[in-house]
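# Structure at a glance
The lines below spell out each chain.
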Amino acid sequence: MTRNAPRRGSLRLRLTLLAALAITVTVAIVTAVLAFTLVTSVRSNVTTTLNAYADSVGQSATAGRLPTRLPPSPGDATVWAQVVDSSGTVIASTANVAGQPALYTLPAGRTTPQPAPGSSSGRGDERVIAQRYVTGTEPVVVYVGGSTQLLAYLNHDLQGHLLYVLPVVLLGAVGVSWLLIGRTLRPVERIRAEAAEITGSDLHRRIPEPGSDDEIGRLTRTLNLMLDRLEWSADRQRRFVADASHELRTPLAAVRTSMEVGLAHPDQAPWPELATRAVTETTRLQRLVEALLLLARSDDDTLLRHREQVNLATLTQAAIDAAPARVPVALHAAENVRVTGDPDQLTRLIRNLLDNADRHAERTIAVTLTTDGPATAVLQVADDGPGIPPADRERVFDRFVRLETARTRHAGESTGTGLGLSIARDIVTAHGGTIAVTSTVQRHDGQVRGATFTVRLPVAGPRSETA
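If you're wondering where the values come from, they're calculated on a predicted model, not measured in any experiment. Here the residue index of a chain counts from 1 through its sequence in written order. Side-chain atom pairs in this predicted model are given and counted only at pLDDT of 80 or more, local residue features only at pLDDT of at least 70, and totals for whole chains, interfaces and linings cover all residues. Hydrogens and water molecules were not included; the side-chain quantities draw on all heavy atoms of the structure.

### Examining the overall build of the protein chain
- Helix and strand labels come from DSSP, where a helix needs a run of H or I of at least four residues and a strand needs a run of E of at least two; each type is numbered from the N terminus. Along its length, the protein chain carries 8 helices and 14 strands.
- The rule is simple: take the accessible area with a 1.4 Å probe, protein chains only, and divide by the maximum for that residue type; under 20% is buried, over 50% is exposed, in between is partly exposed. Put simply, the protein chain has 467 residues, and 34% of those count as buried.
- Any two residues whose heavy atoms approach within 4.5 Å at even a single point are treated as in contact. Considering only residue pairs separated by 6 or more positions, the protein chain has 63% of its internal contacts joining residues 24 or more positions apart.
- Approximately 28,100 Å² of the protein chain is accessible, and the part contributed by carbon and sulfur atoms is 58%. Accessible areas in this description were obtained via Shrake-Rupley with a 1.4 Å probe; residue shielding takes into account the shown protein chains only.

Below is the structure:
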C-alpha cells in the first residue's frame, strides 16, 4: 500500500475543463438550433414563393387570360412554370422552360407531382408543387418549380464552418475559463497560504478579511472564528497545565520535605507527626489528581457515564449526612423532586457546594430544594460568611481561582484546590442546567453578606426504567 494516494488534477484545472465543456456544448446546441432555423426559414420561403406564383398562374388560367408565355416569377426569376392540360400537352410555360414537354405529371388522387418519363427533371435539387385548376371546361395542372441549391450550399457551408468554429470555441473557452477561474481562486490561495503559516505558537494571527459578503468573505470569517476558538482553547490548556503543575508541586514538596527531615535525623525525627503530615498532603494530592481527571473528562464531553432518574432530595440528604461539616447544615427540601442525570456526579456537585460553604460559613449553612414551575428543580446552598464581591461572582467558577477572603479565612485550614466550583459548573452544564451565585442579607442593619449558590436543573419526565 502506498503512502500517498494518486493526486487528482487541481481544482482550477477541473473547473476549467468543466467550464470549457459547458461552453462548447452550449455553443454547439445554439449553432445547431440556428442552422436548423435558418434552413427551415429558407425552405419555407421557397415554398411560399412557389405557392404564390402558382396561385397567380392558376387565377389567370381560371379567368381565361392565360398567355402562352407566362411572365417570370416576381420573387425569383429562376422559378419555372408549366400549365399542362389533361392530355399532357404544355399549353403555357415560362421562358426558361419554353419548348420543353411536360416535366412532371400528377397522378389522380395525388398532390405530389412525379417526374415525367423521359424528362430531364428529378435532379434532386429543386422543389416542385402542382395545383389543379379549370380553364373554361378544360382541367389543367399548374406545375411550378424552383431550385433548392441554396439549401444544399447552406447545409454544406454550415457543416464546413462548424468543423473550424467548434475547435476554436473550445480553445477559447479553455483559455478564458483558465484565466477567469484562476483570478477567482486567487483569494482562496492567499487564504490557504496565510493559514499554512499559522502554527501553534502564533495562533494570535488572523487571515486578512476581504471586506465582502460573498463566499470568500464568509470563508475568511469562519476561519478566523475557528482560530479564535483554537487560541482560546490553547490558552486555556496552557493555563490549566501551568496551574496544575503549580498545585501538584506544593503537596509533593511538602511530602518530600517531611521525608528528608526524617531521613536526616532518623533517631530524633517525630515520625508520627511526619507520617501524619505526609498522609494529609498525599490525600490532598489524591483529591487534586481526581479533580484534574474529572476536568479532563468534562473537556472531552465524557463527564456523564450514564443517566437515570434520581430523587434529588434523597441525594442532598445523603450528601449532607456524609459531609464532615464544621458548622451545622439545615435542609429544607420538597419531596420527590426528580431529575435525570448521573447520581455520582450530582452527589459530587452537592458535596462541592457544601465544602465551599463550610469553608466560609460562620455559624450555619442553609440548603433549600424547591421547584420553579413544573419543569425546573432549584437547589440553593447558602452560607453566612463574608460573601463574594459582585466583580468576582463569575470568576469563582474559573479553574484554580481562590479569592482573597478564601485564602485568609480560617488560617491553618485547607482552602481546597480551587477546582470545586469549576467542577460544579461543569456538572450542572452537562445536565442541561445553570448555576449562579448571589449575596444574602444576613444582618439586621441590611449589610449584604453570605453567598447563595443557586442551581437550576430540568425536572425529569414520567418515570421510566433506567438502562
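Back to the text.
### Points about the packing of aromatic side chains
- When two rings of Phe, Tyr or Trp (its six-membered ring) have centres within 6.5 Å they constitute a pair, described as stacked for plane angles under 30 degrees, edge-to-face for angles over 60, and tilted for the intermediate range. Counted by the stated rule, this structure contains 2 aromatic pairs.
- Centre to centre, the rings of W80 and Y104 are 6.0 Å apart; their planes meet at 15°, and the pair counts as stacked. Taken as a pair, W80 in strand 2 (residues 80-85) and Y104 in strand 4 (residues 104-105) lie far apart in primary sequence, 24 residues in all. Residues W80 and Y104 agree in their burial class; the two are buried.
- Taking 6.1 Å as the distance between ring centres and 90° as the angle between the ring planes, the aromatic pair formed by F397 and F453 counts as edge-to-face. With a gap of 56 residues between them, F397 in the loop between strand 12 (376-383) and helix 7 (404-408) and F453 in strand 14 (residues 448-458) connect regions that are remote in the sequence.
- Under the relative-accessibility criterion, F397 is labelled buried at 2%.
- What makes F453 buried here is its relative accessible area of 1%.

### A closer look at unusual backbone geometry
- Located in the positive-phi region is N336, a residue other than glycine, with phi close to 55°.
- Tracing the backbone through its elements, the reader meets N336 in the loop between strand 9 (329-333) and strand 10 (338-341).

### Some details on the nonpolar core
- Core analysis: the largest hydrophobic core is formed by 44 residues, its most contacted members being L349, L353, L419, F453 and V455.
- Mapped by element, the contributors of at least two residues to this core are helix 4 (271-299), helix 5 (312-322), helix 6 (343-360), strand 11 (365-371), strand 12, helix 8 (420-430), strand 13 (434-441) and strand 14.
- By nonpolar core we mean a set of buried residues, namely Ala, Val, Leu, Ile, Met, Phe, Trp, Tyr and Cys, connected to one another through side-chain atoms within 4.5 Å. In this structure, A54, V57, Y133 and V144 belong to the second largest nonpolar core, which totals 14 residues.

### Quick notes on the environment of T135
- Looking at where T135 falls in the secondary structure, it is placed in strand 6 (residues 126-135).
- Under the relative-accessibility criterion, T135 is labelled partly exposed at 23%.
- Separated by 69 residues in sequence, T135 and L66 place their C-alpha atoms 8.6 Å apart.
- Contacts of T135, omitting those with residues within four sequence positions, involve A61 and V140.
- Identification of polar contacts relies on pairs of N or O atoms within 3.5 Å, with a donor-acceptor requirement for protein atoms, meaning one able to donate a hydrogen and the other able to accept it, and with residues adjacent in sequence counted only if both atoms are side-chain atoms. At a separation of 3.3 Å, a polar atom in the side chain of T135 contacts the main-chain carbonyl oxygen of A61.

### Regarding the side chain of N352
- Secondary-structure assignment places N352 in helix 6.
- In this structure N352 comes out as buried when scored by relative accessible area, which is 15%.
- Apart from residues no more than four positions distant in its own chain, N352 is found in contact with G420, I423 and A424.

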